[in-house]
Amino acid sequence: MWTWIKQLWHKLGSPRWFYDIAASWIRWLLPIGILCIVAGFVWGLAFAPPDYQQGNSFRIIYVHVPSAMLAQSIFITMGIAGVILLVWRMKLADMVIKIAAPIGASFTALALASGAIWGVPTWGTWWVWDARTTAMLVLLFLYFGVIALRQAIAREETAGKACAILAIVGMIDIPIIKYSVNWWLTLHQGATFRLTAAPAMPPEMWIPLLITVIGFYAFFVAVLFQGVRGEILRREHRTRWVSELVAQRGALPGAAS
Amino acid sequence: MSTLVGTDDSAPQGHLWRLFSGQLRRDLLAAVRAPGELVNPLMFYLIGIALFPMGVGPGPNTLALIAAGVLWVLALLAILLAMDGMFRRDYDDGTLEQFNLHMQPLFVGVLAKTLAHWLMTGLPLTLIAPLAALWLYLPSHAVGTLMLTLLLGTPVLSLLGGMGAALTVSLRRGGLLLALMILPLYVPVLIMGAGAITVVTDGLDPAAQIKWLAAILALACTLVPFATAAALRIGMEQ
């Protein structure tokens, strides 16, 4: 097992290897992701029973919870990739941070927007400064900071390392932010999924939610990998294997010369 | 691995302290000889505070209600605006390059520079805060808490801001970017600082918030200088 991990680790240092392996992953993850999202949505929106208090409006949970979970997971992914970049100087980690940041910001925005829409029927207002909403908003700002820093620094290698530091510091700060905003009296309901206890909803409600969560994660990994593949091609465009790849496929349509 | 972190076991015990105090002395001297920069953040703080009565109206009740938040938010912004100057001049005249080369381990120098910067911004700001509190009709029994929270909180702001300043040191227009990067990280300090004052004005005990601030300060003191040192090395590459 250990030697296998070590081998994988060394292979990850090669963008070319990742370019090929990611393609085969995407072939599985993208259909799984889309299938799970569609199945979870249809089940959740059409067949799951309405909530006894919130009626049908609770159904936005099938968008809200997966995107909120992803929003936090993606920042943690960026932080871990940042550590990998700074310690082992793995180029791939830099690309992961670069591609993941806008995706993470999008999911955070989606979580905030779906939460706002949910807020109207349940809380009677579009926006509430409660603990989780605020923590999510700060998370969105953290994403903006990382994206802005990357755009401000012209030299790619420097930009990558700088973003890695910011991502690591942000990752450490996220729990502190969460606990500190929890000091405000909170309107928000508790977490839907916990690792330690079964969810407080009936299975007809949470199973479709679990399916959409899996779908969202698979979809994210597929999109991330596809983005990283594009980034590999762009950064390695001077190498022989890329030019051979391009020659093999014929001129790529719309490729910048 | 010990060389990577920069701790050299063979060095005498006083070595780190000499580095630290030497850097601190040098930075304080440089700051004292350019007193204009010392006063600017304080002026900004007072002007910013004075804008609120003009904007919200001079009613003592309204002002007292928002005093805790305004006093803290402006402290945040004043420190943030001062942060850009932490490495700027040293970078322009090349001192920072030498600092990067000879300061071994780098985080000791960073800690000294941050302390010097805080002594010149955060500490004076803490000392004039009672004046600003007076303008906003903050109840007088909350002034002590205000100063205590600023005393514990502003070093954290300096530490985090120093990391941002190191990342943006070679960028021409780093100021706005610095705010964008660092302000979200300031959120816990703001909530605890302003929260403690609100709790006191409500007649309750702010011990919890103050202990939180102290814990955040301890954490920031021990971790952030390493990030700043790394950021400085990266920021100087371009």
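Our subject is the structure listed above.
Residues numbered from 1 in each chain as written. Chains lettered and ligands numbered in written order. Predicted model: local features only at pLDDT ≥ 70, side-chain atom pairs only at ≥ 80, totals over all residues.

**Section: the overall build of chain B**
Stage number 1. Helices and strands together make up the secondary structure of chain B, namely twelve helices and zero strands.
Stage number 2. Seen in sequence order, chain B has helices and strands lined up from the N terminus as α-α-α-α-α-α-α-α-α-α-α-α.
Stage number 3. Taken against the 2.2 N^0.38 rule, which gives 18 Å for 238 residues, the C-alpha radius of gyration of chain B at 19 Å falls within 12% of a compact globule.
Stage number 4. Summarising its shape, the C-alpha atoms of chain B cover approximately 60 × 35 × 30 Å along the three principal directions.
Stage number 5. Looking at the 238 residues of chain B, the share that counts as buried comes to 46%.
Stage number 6. For chain B, the share of sequence-separated contacts (at least 6 apart) that also reach a separation of at least 24 residues comes to 82%. (Helix = DSSP H or I, 4+ residues; strand = E, 2+ residues; numbered from the N terminus. Rg over C-alpha atoms; globule rule 2.2 N^0.38 Å. Buried ≥ 20, exposed ≤ 12 C-beta atoms within 10 Å, placed from the backbone. Contact = placed C-beta atoms within 7 Å.)

**Some details on helix H12 (residues 207-235) of chain B**
Stage number 1. Over its 29 residues, H12 of chain B extends 39 Å from the first C-alpha to the last, a length consistent with the 42 Å expected when each residue adds 1.5 Å.
Stage number 2. Along H12 of chain B, the sharpest change in direction is near 35 degrees and occurs at cysteine 221 of chain B; proline proline 225 of chain B comes one to four residues later. (Expected span 1.5 Å × (residues − 1). Bend = angle between axes of the 7 residues up to and from the residue.)

**Some thoughts on the packing of helix H5 (residues 85-92) of chain B against helix H6 (residues 95-102) of chain B**
All names here are of chain B.
Stage number 1. In the contact formed by H5 and H6, the axes pass within 5 Å of each other and the chain directions differ by 100 degrees. Regarding the angle of H5 to H6, the classification is roughly perpendicular. In this structure, H5 contributes Phe87, Asp90 and Tyr91 to the contact, and H6 contributes Thr95, Leu96 and Phe99.
Stage number 2. Tallied by class, residues from the contact of H5 with H6 come to four nonpolar, one polar and one charged. (Axes fitted to C-alpha atoms, helices over the stretch in contact; angles between N-to-C directions. Parallel < 35°, antiparallel > 145°, perpendicular 65-115°, else oblique. Nonpolar A, V, L, I, M, F, W, Y, C, P; charged D, E, K, R; others polar.)

**Some details on the packing of helix H4 (residues 60-83) of chain B against helix H11 (residues 187-201) of chain B**
Residues and elements named next belong to chain B.
Stage number 1. The contact between H4 and H11 brings their axes to 9 Å, and the two run at 155 degrees. Classified by the angle their axes make, H4 and H11 are roughly antiparallel. Considering how the two elements wind past one another, H4 and H11 form a crossing that is right-handed. Contacts from Ala68, Gly69, Trp72, Val73 and Leu76 in H4 reach Leu190, Gly193, Ala194, Ile197, Thr198 and Thr201 in H11.
Stage number 2. Residues that form the contact of H4 with H11 fall into these classes: seven nonpolar, four polar and no charged. (Left-handed = near helix turned anticlockwise from the far one by under 90°.)

**Let's talk about the interface of chain B and chain A**
Many descriptions give the size of an interface as the accessible area lost when the pieces come together.
Stage number 1. On the side of chain A, 24 residues touch chain B, which itself brings 21 residues to the contact.
Stage number 2. Those elements that place two or more of their residues in the side of chain B that touches chain A are helix H9 (143-167), helix H10 (175-182), H11 and H12 of chain B.
Stage number 3. Among the elements that make up the side of chain B that touches chain A, the one with the highest residue count is H12 of chain B (six residues).
Stage number 4. Taken together, the residues that form the side of chain B that touches chain A break down as 17 nonpolar, three polar and one charged.

**Comments concerning the nonpolar core**
Stage number 1. Core analysis: the largest hydrophobic core is formed by 150 residues, its most contacted members being Ile165 of chain A together with Leu71 of chain B.
Stage number 2. No other element matches the 14 residues that helix H7 (residues 203-235) of chain A contributes to this core.
Stage number 3. The residues touching leucine 71 of chain B, leaving out its near neighbours within four places in the chain, are Ala129, Ala132, Ala133, Leu136 and Leu146 of chain B. (Core = buried A, V, L, I, M, F, W, Y, C linked by C-beta atoms within 7 Å.)

**Considerations on unusual backbone geometry**
Stage number 1. The backbone of arginine 89 of chain A shows a phi angle near 50 degrees, a positive value even though the residue is not glycine.
Stage number 2. Checked against the element boundaries, arginine 89 of chain A lands in the loop between helix H3 (61-88) and helix H4 (91-123).
Stage number 3. Among the residues examined, arginine 89 of chain A registers 13 C-beta atoms within 10 Å and is labelled partly exposed.
Stage number 4. Its identity as a non-glycine residue notwithstanding, tyrosine 137 of chain B has a phi of 60 degrees, on the positive side.
Stage number 5. Relative to the helices and strands, tyrosine 137 of chain B resides in the loop between helix H8 (122-135) and H9.

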